[in-house]
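The primary structure of each chain is shown beneath.
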Amino acid sequence: MILFRNTMRITEGHLHAFKRAIIEAVEFVEKNGPQLMVQTFIDEQRMLATSYQLYPDSEAVIEHWRLADPYIAKVMEHCVVAEFQIHGDPSVAVLERMRPMLDDGRATLTPRLAGFLRL
């Protein structure tokens with residue numbers, strides 16, 4: 001499994017549009033995406049949002065990007081990534097897509113040690 005934790009800094013004056021874009025993106029992936037779980041939390045006072053996405057494997061991450069890129073682009077019109085944590089053991093293809101953020105320090109990779117999922 002792969003877990004993403006994405007912390008986004010919302011652009012001043014974009015709160016309403018950001019929230020609308022997030023809701024549209026989450027509704028789309030709930031119906032069409034391969035994620036096992038998506039949860040987004042918002043701290044309006046600090047203008048920060050945190051999204052958690054759980055994937056069964058790297059192929060699901062790549063499929064999500066293929067399906068949801070237009071929705072991701074709409075969200076990114078209203079924020080910047082402040083920190084992106086990748087938990088698990090993603091494929092080379094996923095790491096290559098994340099390479100710019102890994103190289104500039106916005107993203108970190110933490111390999112999985114142990115755990116389970118109970119649904």
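Everything numeric in this text was worked out from a predicted model, so none of it was measured. (Residues numbered from 1 in each chain as written. Predicted model: local features only at pLDDT ≥ 70, side-chain atom pairs only at ≥ 80, totals over all residues. Heavy atoms only, no water.)

**Some details on the overall build of the chain**
Note the following rule: Working definition: helices are DSSP H or I runs of at least four residues, strands are E runs of at least two. Numbering for both runs from the N terminus. Computation of the radius of gyration draws on C-alpha atoms, with the globule rule given as 2.2 Å multiplied by the number of residues to the power 0.38. Residue contacts are counted whenever heavy atoms from the two residues lie within 4.5 Å of one another. Under the convention used here, a 1.4 Å probe and the Shrake-Rupley method define accessible areas, while residue burial counts only the protein chains that appear. Asp and Glu are treated as the negative residues and Lys and Arg as the positive ones, with His and the ends of the chain left uncounted. Positions of charges follow a simple convention, taking NZ of Lys, CZ of Arg, CG of Asp or CD of Glu.
Counting its secondary structure elements, the chain contains 3 helices and 5 strands. Helices and strands appear in the chain in the N-to-C order β-α-β-β-α-β-α-β. The C-alpha atoms of the chain give 14 Å as radius of gyration, which agrees with the globular expectation for 119 residues (14 Å, within 12%). In terms of overall dimensions, the chain has C-alpha extents of about 40 × 35 × 25 Å along its principal axes. Considering only intrachain contacts with a sequence separation of at least 6, the fraction spanning at least 24 residues in the chain is 68%. Of the roughly 7400 Å² of accessible surface on the chain, 55% is carried by carbon and sulfur atoms. Counting 13 positive and 16 negative side-chain charges, the chain places the centres of these two groups 3 Å from one another.

**Topic: the sheet that holds strand S1 (residues 2-10)**
Rule in force here: Two strands pair if DSSP finds at least two bridges between them. Orientation is described by lines fitted to C-alpha atoms, with helices fitted over the stretch in contact, and by angles between N-to-C directions that extend from 0 to 180 degrees.
Strands sit in the order S2-S3-S1-S4-S5 across an open sheet of 5 strands; the sheet is mixed. Either end of the sheet is taken by a strand with one partner, and the two such strands are strand S2 (37-43) and strand S5 (107-110). Here the strands of the sheet are splayed against their neighbours by 15° on average, with no regard to which way each runs. With 9 bridges connecting them, S1 and strand S4 (residues 79-88) associate as antiparallel partners. In the strand pairing of S4, Met8 is matched with Val81. Each of S1, S2, strand S3 (48-55) and S4 is contacted by helix H1 (residues 15-32), which is oriented at about 170° to S2, the strand it contacts most. Packed on one face of the sheet, helix H2 (residues 58-76) meets S1, S3 and S4 and runs near 10° to S1.

**Quick notes on the pairing of S4**
So the rule is basically this: The crossover handedness rule: strands pointing away from the viewer, path from first strand over the helix to second strand clockwise, crossover right-handed.
In this structure, S4 lies alongside S5, joined through 4 bridges in parallel fashion. The residue bridging Gln85 from the neighbouring strand is Thr108, located in S5. Where the polypeptide runs from S4 across helix H3 (residues 92-104) and back to S5, its parallel neighbour, the crossover connection is right-handed.

**What about the packing of H2 against H3?**
Inclusion rule: Any angle that is under 35 degrees is reported as roughly parallel, and any over 145 degrees as roughly antiparallel; angles of 65 to 115 degrees are reported as roughly perpendicular and all others as oblique. Residues are grouped as follows: Ala, Val, Leu, Ile, Met, Phe, Trp, Tyr, Cys and Pro are nonpolar; Asp, Glu, Lys and Arg are charged; all remaining types, including Gly, are polar.
Contact geometry for H2 and H3: axes closest at 8 Å, N-to-C directions at 45°. Here H2 lies oblique to H3, going by the angle between them. Across from Ser58, Val61, Ile62, Trp65 and Asp69 in H2, the residues of H3 making contact are Ala93, Val94, Arg97 and Met98. Taken together, the residues of the contact of H2 with H3 break down into 6 nonpolar, 1 polar and 2 charged.

**Regarding the pattern of salt bridges**
Heads up, the rule is: By definition, a salt bridge exists where a carboxyl oxygen of Asp or Glu is found within 4 Å of a side-chain nitrogen of Lys or Arg. Only protein chains enter the calculation, and the probe is 1.4 Å; a residue is then buried if its accessible area is under 20% of its type maximum, exposed if over 50%, and partly exposed in between.
Scanning all chains against the criterion turns up 8 salt bridges. Ionic pairing is found between Arg46 and Asp43, a salt bridge with its closest N-O pair at 3.4 Å. Take Arg46: its relative accessible area is 54%, and that puts it in the exposed class. The class for Asp43 is partly exposed, based on a relative accessible area of 26%. Among the charged side chains, a salt-bridge network with shared partners connects Glu96, Arg99 and Asp103.

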